[in-house]
Amino acid sequence: MTGHGLRPATAVLTVAAVRRAEAAAMAELPEGALMQRAATALAVVAGSMLREICGRVTGSRVVLLVGAGDNGGDALYAGARLAARGARVDALLVADRHHVGGADALRRNGGRVQVVALGDLVAAELVARADLVVDGILGIGGRGALREPAAWLAAVARETDVAVLAVDLPSGVDADTGAVADADAVVHADRTVAFGCLKAGLLLGDGALRTGELAVVDIGLSFDDVATSELVVRIDDDSAAPLLAGPGARDDKYTRGVVGVSAGSEAYPGAAVLATAGARHGLAGYVRYAGHAHEQVVAHWPDVVARPGRVADAGRTQCWVVGSGRGLDEDARGAVLDAAALDVPLLLDADALTLMADDADVRAAVVARSGVTVLTPHAGEFARLAGVPVGEDRVAAVRSLAADLGAVVLLKGSATVVAAPDGHAYVAASAPPELATAGSGDVLAGLLGSLLAHHEAHAPLDPARAALLAAVAAHVHGAAGAVAADDGRTVTALDVAAALPAAVARVRRSSPE
Ligand SMILES: NC(=O)C1=CN([C@@H]2O[C@H](COP(=O)(O)OP(=O)(O)OC[C@H]3O[C@@H](n4cnc5c(N)ncnc54)[C@H](OP(=O)(O)O)[C@@H]3O)[C@@H](O)[C@H]2O)[C@@H](O)CC1
Ligand SMILES: Nc1ncnc2c1ncn2[C@@H]1O[C@H](COP(=O)(O)OP(=O)(O)O)[C@@H](O)[C@H]1O
Ligand SMILES: [K+]
């Protein structure tokens, strides 16, 4: 696959891929054109922040933190535009070199430029009294923690709580992973303007916590030649909507797909209720349940066909979901092995993943499957399956486990990362933290199984499509969390499930460009 057809807001590129896309665009354009596009967009966002903060641009105080490279150049040219509109702009140079053309442009428009040394009180005062600080210290050329005096000025900005706009990436965040080498030497942005595309560091890890509100501007980069291994596709409403289409007039409950759920146990009946709650709203026309909590399931959801007994005897489905609260006993093991032996898509969650990690026969049966397998670990389950912790590079870790096990892997977290064995990767990154509540993962498992069954009923799934659907399910789950948390409400897993119809409706309403 290539990135053909992707929008800047959905294309997450590695730094290496950004550099190549940038070089290809520059070869077609007059010198400096890309930087001018970036600076223009940056000045527009800075202007709107200034209007929010002090009502107008004229007379506002803007401080640019300027590093050695083009990230600083972007800040300087944007500063020149703001100065031309009457802002008082000071550029603080924090490196031993800077973008000379940008500094000249700023001076020509009435801005001031000065070199800063560590502890320079005049500089600290400028930062503390600014209406807006523009962070042009480091972009995709940054490596590791900020050096001095940049680290010190970033700390002054944090301590004085001045509004900060990051250029392309908050400085001190690793663009490809989101790792922050030193929490004391990083910029904490209120807003970030990313140029051309997203970078994983804006969405994942500690970087996501430093990015603030994120805007992605189109500067004309093409994604057509980006390799699968260098691309992660971010799912948003526009990309999810086409996969959530409603049934047609000729559909019946079977043509919409049948999903089977084997979750919960005598000890954990709630997981069965939650997983089936998710399955009821994932587009399948029919939800079967096979397991020990059948009475509780029917008591909650009379529309679910719930029986005790084995997965193998439960009837035809287009996908099985096995694991959430299912337990680790011989009976649970039998449920995983029964489902693994069928050639329909299989989703394994929670206890099923622990069984897979601990029992070589279960693992071998899952790895040997011909049908599509989807695994939905949280970080702890991931570490058990992989034998090593997730680490800082979540995308690489998920791709690697997916390739090793020949399965789609969905790694849960504040951002959810999905990869197929062939390297296709996706991220769903708009879930609110209220989703971090017991049982919300069970709802996701049911929702995704239902979506897989629905699409399998229309055309046999391949792993790359299953990975896309997994990310769509995580996106809808996140949207349901947002609906449930609206107006400051507290959220339980059952509230997330109850919000799924509204979340699906919200996503369906979005109209792709
Ligand atoms: N992609 C695009 O299409 C477009 C990109 N554009 C912009 O270009 C930006 C990339 O610019 P860039 O390549 O000049 O690198 P940048 O991030 O400014 O770093 C500069 C230098 O900083 C240094 N340095 C490294 N780590 C450090 C540390 N921890 N602490 C202190 N210093 C450190 C290191 O130099 P060194 O120390 O190795 O000598 C490095 O070379 C990009 O993010 C975007 O804003 C737009 O203009 C137009 C379109
Ligand atoms: N900080 C967070 N922000 C947004 N979503 C989160 C956050 N933490 C966890 N989540 C989401 O909440 C769900 C929790 O699932 P899981 O860990 O399996 O819990 P459980 O096993 O109790 O159901 C996942 O979908 C995960 O992506
Ligand atoms: K920056």
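Every chain begins its residue count from 1, and numbering advances along the sequence as written. The order in which chains are written sets their letters, starting at A; the order in which ligands are written sets their numbers, starting at 1. With pLDDT at 70 or above as the cut-off, local features in this predicted model cover only qualifying residues; side-chain atom pairs require 80 or more to be listed or tallied, and sums for whole chains, interfaces and linings still use all residues.

Undergrad: Explain the overall build of the protein chain here, please?
TA: For helices the rule is a DSSP run of H or I covering at least 4 residues; for strands it is a run of E covering at least 2, with both sets numbered from the N terminus onward. The helix and strand tally for the protein chain stands at 19 helices and 18 strands. Our radius of gyration is a C-alpha quantity, and the globule rule it is checked against amounts to 2.2 Å times the number of residues to the power 0.38. A globule of 513 residues ought to have a C-alpha radius of gyration of about 24 Å, and the protein chain, at 25 Å, matches this closely. Overall size of the protein chain, expressed as C-alpha extent along the three principal axes, is 80 × 45 × 45 Å. Whether a residue is buried, exposed or partly exposed is read from the other C-beta atoms within 10 Å of its own C-beta, which are placed from the backbone; 20 or more gives buried, 12 or fewer gives exposed, and intermediate counts give partly exposed. Taking all 513 residues of the protein chain together, the buried fraction comes to 57%.

Undergrad: How should the sheet that holds strand β12 (residues 305–307) be read in this particular structure?
TA: Think of a sheet as strands paired side by side through backbone hydrogen bonds, with each pair either parallel or antiparallel. Two strands are said to pair when DSSP picks up at least two bridges between them. The 11 strands are arranged β1-β9-β18-β17-β16-β15-β14-β13-β10-β11-β12 in an open sheet whose pairing can be described as mixed. Every other strand in the sheet has two partners, leaving β1 (11–13) and β12 as the edge strands with one partner each. The mean inter-strand angle of the sheet, taken between neighbouring strand axes irrespective of direction, is 20°. Taken together, the 3 bridges between β1 and strand β9 (residues 231–234) define a ladder with antiparallel strand orientation. Where helices are involved, their axes are fitted lines through C-alpha atoms of the stretch in contact, as for all axes, and angles between N-to-C directions lie from 0 to 180°.

Undergrad: Explain the UniProt feature "domain: YjeF C-terminal" (unreviewed entry) in the protein chain here, please?
TA: UniProt positions are given in the numbering used here, feature names are shortened, and annotations may be inferred rather than shown by experiment. Mapped onto the present numbering, the UniProt feature "domain: YjeF C-terminal" (unreviewed entry) falls on residues 236–507. Spanning residues 236–507, this segment combines 46% helix with 13% strand, and its end C-alpha atoms are found 9 Å apart.

Undergrad: Hey, could you run me through the confidence of the model for the protein chain in this one?
TA: Regions with low pLDDT should not have their predicted coordinates read in detail. You can read pLDDT as the predictor saying how much it trusts each residue, on a scale of 0 to 100. For the protein chain, per-residue confidence averages 97 on the pLDDT scale, and residues scoring 70 or more make up 99% of the total. Two summary scores accompany this predicted model of the complex, namely pTM at 0.97 and ipTM at 0.96.

Undergrad: Could you clarify how one ought to interpret the domain arrangement of the protein chain in this entry?
TA: It is common to give the size of an interface as the accessible area lost on bringing the parts into contact. Segmentation of the protein chain into domains returns domain 1 (11–234) and domain 2 (247–509). Domains are outlined according to an automatic or database domain assignment. For domain 1 versus domain 2, the separation of C-alpha centres amounts to 40 Å. Mapped onto the side of domain 1 that touches domain 2, the elements with two or more residues apiece are α7 (205–211) and β9. The element that contributes the greatest number of residues to the side of domain 1 that touches domain 2 is β9, accounting for 3 residues. The residue makeup of the side of domain 1 that touches domain 2, split by class, is 8 nonpolar, 4 polar and 1 charged. Three classes are used, and their members are as follows: Ala, Val, Leu, Ile, Met, Phe, Trp, Tyr, Cys and Pro are nonpolar, Asp, Glu, Lys and Arg are charged, and the others, Gly among them, are polar.

Undergrad: I'm lost on the environment of V476 in this one. Help?
TA: Mapping V476 onto the fold places it in helix α17 (residues 463–485). With 29 C-beta atoms counted inside 10 Å, the residue V476 sits in the buried group. With 392 residues separating them in the primary sequence, V476 and A84 have C-alpha atoms 44 Å apart. For V476, the contacting residues outside a window of four places in its chain are A240, L447, L500, A503, V504 and V507. Remark: residues whose backbone-derived C-beta atoms lie within 7 Å of one another are considered to be in contact.

Undergrad: I'm lost on the sheet that holds strand β2 (residues 61–66) in this one. Help?
TA: Taking strand neighbours across the sheet as the criterion, the 7 strands line up as β4-β3-β2-β5-β6-β7-β8 in an open arrangement whose pairing is parallel. The sheet is open, and its two borders are formed by β4 (112–115) and β8 (213–217), each paired with just one other strand. Here the average twist between neighbouring strands, direction ignored, is 20°. Here strand β6 (residues 164–167) runs beside strand β7 (residues 191–195); their pairing, made up of 3 bridges, is parallel. Within β7, the position partnered with V167 by the bridge is V193. Together, β2, β3 (88–93), β5 (132–136) and β6 form the strand contacts of helix α3 (residues 70–84), whose direction differs from that of β2 by roughly 160°.

Undergrad: Would you explain the nonpolar core in this entry?
TA: Buried together is how nonpolar side chains tend to be arranged in soluble globular proteins. For the purposes of this analysis, a nonpolar core is taken to be any set of buried Ala, Val, Leu, Ile, Met, Phe, Trp, Tyr and Cys residues that are connected through C-beta atoms within 7 Å. Membership of the largest hydrophobic core comes to 198 residues, with the highest contact counts inside it found for L92, V408, V418 and A470. Considering every element that reaches this core, the biggest residue donor is α17, with 15 residues. Here V408 is in contact with V372, T373, V374, A402, V418, A420, P463, A466, A467 and A470, once residues within four sequence places are set aside.

Undergrad: Would you explain the packing of helix α16 (residues 440–458) against α17 in this entry?
TA: The angle between the axes and the distance between the axes are what describe a pair of packed helices. One way to put it is that α16 packs onto α17 with a least axis distance of 9 Å and a crossing angle of 135°. With respect to each other, α16 and α17 are oriented oblique. Taken as a pair, α16 and α17 cross one another with a handedness that is right-handed. Within the contact between the two elements, α16 uses V443, L444, L447, L448, L451, L452 and H455 and α17 uses A466, L469, A470, V472, A473, A474, V476 and H477. By the definition adopted for this analysis, an angle is roughly parallel if under 35 degrees, roughly antiparallel if over 145, roughly perpendicular if from 65 to 115, and oblique otherwise. Should the near helix be turned anticlockwise from the far one by less than a right angle, the crossing is termed left-handed; should it be turned clockwise, right-handed.

Undergrad: I'm lost on the environment of A306 in this one. Help?
TA: Among the structural elements, A306 can be located in strand β12. Spatially, the C-alpha atoms of A306 and V287 are 8.3 Å apart, while their sequence positions differ by 19 residues. Non-local contacts of A306, meaning those with residues more than four positions away in its chain, are made with Y289, H294, V297 and V298.

Undergrad: Teacher, can you tell me more about the environment of E381 here?
TA: Note that E381 resides in helix α14 (residues 379–386). For the pair E381 and R147, spaced 234 residues apart in sequence, the C-alpha separation works out to 37 Å. Residue contacts for E381: discarding those within four places in its chain leaves L353 and T354.

Undergrad: What should I look at first to understand helix α2 (residues 33–54) in this one?
TA: Turn by turn, an α-helix covers 3.6 residues, leaving residues three or four places apart pointing in a common direction. Multiplying one less than the number of residues by 1.5 Å gives the expected span of a helix. Along its 22 residues, α2 runs 31 Å from first to last C-alpha, staying within 8% of the 32 Å computed at 1.5 Å per residue. Those residues of α2 not exposed but buried are L34, M35, A38, A39, A41, L42, A43, A46, G47, M49 and L50. G55 sits one or two positions beyond α2 and adopts a positive phi of about 85°.

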